[in-house]
Amino acid sequence: MTIELPKETRKEAIASIERYFAEHMEERIGNIAAGALLNFFVEEIGPAIYNRAVADVQERLQQRVSEIDIEVHEDEFTYWQKQSKRR
């Protein structure tokens, strides 16, 4: 699965990379170079971050599924108990 950033997100990421270089590195980075660097990180590191996020979501969903029986549990065979309380 290819990870693609929405156009606006990509634009903001490139601007952020340019700003980072301007403030923390000895030389500036141009728009094209920043875009290439972003492509590298998305292709090389993006899948690791994506896979970790998927694993986190799976874990959270499994926790929620395991709690469903508690949230929607109905006691069984309670008719006679309810009848006894009414008398």
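Position numbers for residues start from 1 in each chain and track the written sequence from start to end. Predicted model: local features are reported for residues with pLDDT of at least 70 only, side-chain atom pairs are reported and counted for 80 or more only, and whole-chain, interface and lining totals are derived from all residues. Calculated side-chain values reflect all of the structure's heavy atoms, with hydrogen atoms and water omitted.

Engineer: Give me the nonpolar core: which residues, what numbers.
Structural biologist: In this structure, I14, I17, F21, I29, A34, L38 and V42 together form the largest nonpolar core, which totals seven residues. In contact with V42, not counting residues within four places along its chain, are I3, L5 and P47. Residues enter a nonpolar core if they are buried and are Ala, Val, Leu, Ile, Met, Phe, Trp, Tyr or Cys, with the set joined through side-chain atoms within 4.5 Å. Only protein chains enter the accessibility calculation, which uses a 1.4 Å probe. A residue is then buried if its area is under 20% of the maximum for its type, exposed if over 50%, and partly exposed in between. Note on definitions: a residue-residue contact is assigned when non-hydrogen atoms from the two residues lie within 4.5 Å.

Engineer: Tell me what's going on with the environment of R10, and back it up with residues and numbers.
Structural biologist: Tracing the chain through its elements places R10 in helix α1 (residues 7–24). Considered as a pair, R10 and D56 are 46 residues apart in the sequence and their alpha carbons are 24 Å apart. Those residues in contact with R10 that sit more than four places away from it in its chain are L5, G35, L38 and N39. Numbering of helices and strands runs from the N terminus, with a helix taken as a DSSP run of H or I at least four residues long and a strand as a DSSP run of E at least two residues long.

Engineer: Help me get a handle on a nonpolar patch on the surface, residues and values and all.
Structural biologist: Note on patches: the residues involved have over 30% relative accessible area and no salt bridge, like charges join within 9 Å, and the nonpolar side chains Val, Leu, Ile, Met, Phe, Trp and Tyr join within 5 Å. Computed with the Shrake-Rupley method and a 1.4 Å probe, the accessible areas treat only the protein chains shown as cover for residues. Salt bridge, as applied in this entry: a Lys or Arg side-chain nitrogen positioned within 4 Å of an Asp or Glu carboxyl oxygen. Taken together, F40, F41, I45 and I49 make up a surface patch of nonpolar side chains, about 380 Å² in accessible area. Within the secondary structure layout, F41 lies in helix α2 (residues 31–44). Here F41 falls in the partly exposed class, since its relative accessible area comes to 36%.

Engineer: I'd like a description of the pattern of salt bridges, backed by residues and values.
Structural biologist: Opposite charge on two side chains makes pairing possible when the charged atoms of those side chains draw close. Counting across every chain of the model gives four salt bridges. E67 serves as the salt-bridge partner of R64, at 3.6 Å between the closest nitrogen and oxygen. Note that R64 and E67 are positioned in helix α3 (residues 46–71) at a spacing of three residues, about one turn of the helix. Taken together, the shared-partner salt bridges in this structure form one network comprising R64, E67 and E71.

Engineer: Now, about the packing of aromatic side chains: what can you tell me, with residues and values included?
Structural biologist: We call Phe, Tyr and Trp rings a pair once their centres come within 6.5 Å, taking the six-membered ring for Trp, and we label the pair stacked below 30 degrees between planes, edge-to-face above 60, and tilted otherwise. Applying the stated criterion across every chain, the model contains three aromatic pairs. Relative to F21, the ring of Y20 has its centre 6.4 Å away and its plane inclined at 75°; by these criteria the two rings are edge-to-face. Residue classification places F21 among the buried positions, given a relative accessible area of 17%.

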